[in-house]
Amino acid sequence: ETGVTQSPTHLIKTRGQQVTLRCSSQSGHNTVSWYQQALGQGPQFIFQYYREEENGRGNFPPRFSGLQFPNYSSELNVNALELDDSALYLCASSPGQGRVGANVLTFGAGSRLTVL
Amino acid sequence: GQNIDQPTEMTATEGAIVQINCTYQTSGFNGLFWYQQHAGEAPTFLSYNVLDGLEEKGRFSSFLSRSKGYSYLLLKELQMKDSASYLCAVRESYNTDKLIFGTGTRLQVFP
């Protein structure tokens, strides 16, 4: 089975620009969540998508938005980029509640965003 | 509030045993996870505890005490490839994939 794949792996943007990051969930997984990991820190929950709807959100401003598609893949969009948005953005998928292994998140390798 | 504490760095020798501690204060509790993360790579799942006690999986064991808000990850027969960051995370609610992570413990294994 394929794991979670993310693209792009690295990108550089300037302050004020917009960015879209993409994620393909693991086969059989229908729930996707996004995390932001600053250097030397643990991942912080941004939001979760289930059945194409946002189903939980962390302490991030509205300029962080997302989508989930019918094939369970997902996008993270960040508008009006700020310097502090520089981080590793991790996507994670799970089988969803009520299914075998629902408790375990499978993470992708991340997209490293640098904002100049 | 939410707070998860773990040591920032630890060092150990190949073949030795190391214990990484994690204490947590969260508004809810529905399980504690340990993930391993090598530099530049995805976090990978190591263990999950939801009831008190010890879970053993090969060279790795994890312990939970819910009354003390405490967990540890025990790594035996350390190998060089175990050099990585170890992330402790708590799920507060059963109906979400939101995990609250600590800052991670960077473990360096020396020959």
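Residues numbered from 1 in each chain as written. Chains lettered and ligands numbered in written order. Predicted model: local features only at pLDDT ≥ 70, side-chain atom pairs only at ≥ 80, totals over all residues. Heavy atoms only, no water.

Peer 1: How do you make sense of the environment of Thr2 of chain A when you look at a structure like this?
Peer 2: All names here are of chain A. Mapped onto the secondary structure, Thr2 falls in the segment before strand 1 (5–7). On the accessibility criterion, Thr2 (56% relative accessible area) is exposed. Residues Thr2 and Gly28, spaced 26 residues apart in sequence, show a C-alpha to C-alpha distance of 9.8 Å. In this view, Thr2 contacts Gln26 and Ser27; residues no more than four positions away in its chain are not counted. (Helix = DSSP H or I, 4+ residues; strand = E, 2+ residues; numbered from the N terminus. Buried < 20%, exposed > 50% of the residue type's maximum accessible area, 1.4 Å probe, protein only. Contact = heavy atoms within 4.5 Å.)

Peer 1: Can you walk me through the pattern of salt bridges in this structure?
Peer 2: Note on pairing: side chains with opposite charge can pair once their charged atoms come close. Overall, the coordinates contain 9 salt bridges over all chains when judged by the stated rule. A salt bridge links Glu75 of chain A to Arg22 of chain A; the nearest nitrogen and oxygen atoms lie 3.6 Å apart. Of the two residues, Glu75 of chain A sits in strand 8 (residues 74–78) while Arg22 of chain A sits in strand 3 (residues 19–24), which places them 53 residues apart along the sequence. Taking the relative accessible area as the measure of exposure, Glu75 of chain A reaches 15% and is therefore buried. Under the relative-accessibility criterion, Arg22 of chain A is labelled partly exposed at 43%. Residue Arg66 of chain B pairs with Asp52 of chain B through a salt bridge whose shortest N-O separation is 2.9 Å. Placement of Arg66 of chain B in the loop between strand 7 (60–65) and strand 8 (70–75) and of Asp52 of chain B in the loop between strand 5 (44–49) and strand 6 (53–57) is noted, with a sequence separation of 14 residues between them. Because the salt bridges share partners, they merge into one network encompassing Arg63, Glu82 and Asp85 of chain A. (Salt bridge = Lys/Arg side-chain N within 4 Å of Asp/Glu carboxyl O.)

Peer 1: Is there a simple way to think about the pairing of strand 11 (residues 111–115) of chain A in this case?
Peer 2: Successive side chains on a regular strand alternate, one facing one side of the sheet and the next facing the other. Residues and elements named next belong to chain A. Burial along strand 11 is one-sided: the face carrying Ser111, Leu113 and Val115 is buried and the face carrying Arg112 and Thr114 is not. Both strand 2 (residues 10–13) and strand 11 contribute to a ladder of 4 bridges, which runs parallel. Residue pairing across strands places His10 opposite Arg112, the latter belonging to strand 11. Bridging between strand 9 (residues 87–94) and strand 11 involves 3 bridges; their strand directions are antiparallel. Within strand 11, the residue paired with Leu88 across the bridge is Arg112. (Pairing = 2+ DSSP bridges.)

Peer 1: How do you make sense of the sheet that holds strand 1 of chain A when you look at a structure like this?
Peer 2: Sheets are built from strands paired through backbone hydrogen bonds, the pairs being either parallel or antiparallel. Residues and elements named next belong to chain A. An order of 1-3-8-7 is seen for the 4 strands of this open sheet, with the pairing classed as antiparallel. Single-partner strands in this sheet number two, and they are strand 1 and strand 7 (64–68). Taken over all neighbouring pairs, the strand axes of this sheet differ in orientation by 20° on average, direction set aside. Note that strand 7 and strand 8 share 5 bridges and pair antiparallel. Paired with Ser65 across the bridge in strand 8 is Asn77. (Axes fitted to C-alpha atoms, helices over the stretch in contact; angles between N-to-C directions.)

Peer 1: Can you walk me through the nonpolar core in this structure?
Peer 2: Side chains of nonpolar character tend, in soluble globular proteins, to be buried together. Within the largest apolar cluster, 22 residues are counted, with the highest numbers of intra-cluster contacts made by Leu32, Trp34, Leu75, Tyr86 and Leu107 of chain B. Looking at this core, the elements that each hand over two or more residues are strand 2 (9–13), strand 3 (18–25), strand 4 (32–37), strand 7, strand 8, strand 9 (84–91) and strand 11 (105–110) of chain B. (Core = buried A, V, L, I, M, F, W, Y, C linked by side-chain atoms within 4.5 Å.)

Peer 1: Even after reading the chapter, I still don't get the environment of Tyr50 of chain A, so can you show me in this structure?
Peer 2: Residues and elements named next belong to chain A. For Tyr50, the position within the fold is in strand 5 (residues 44–50). Accessibility expressed as a relative area gives 24% for Tyr50, which makes it partly exposed. Here the alpha-carbon distance between Tyr50 and Tyr72, two residues 22 residues apart in the chain, equals 8.2 Å. Apart from residues no more than four positions distant in its own chain, Tyr50 is found in contact with Asn30, Thr31, Asn55 and Gln68. Separated by 3.2 Å, the side chains of Tyr50 and Arg51 make a polar contact. (Polar contact = N/O pair within 3.5 Å; in protein donor to acceptor, adjacent residues only side chain to side chain.)

Peer 1: Which parts of the structure should I look at to understand the sheet that holds strand 1 (residues 3–5) of chain B?
Peer 2: All names here are of chain B. Spatial ordering of the open sheet is given by 1-3-8-7-6, a layout of 5 strands whose pairing is antiparallel. Because the sheet does not close on itself, it has two edges, and the strands there are strand 1 and strand 6. On average, each strand axis in the sheet is tilted by 15° relative to the strand beside it, whichever way the strands run. Both strand 1 and strand 3 contribute to a ladder of 3 bridges, which runs antiparallel. Residue pairing across strands places Ile4 opposite Tyr24, the latter belonging to strand 3.

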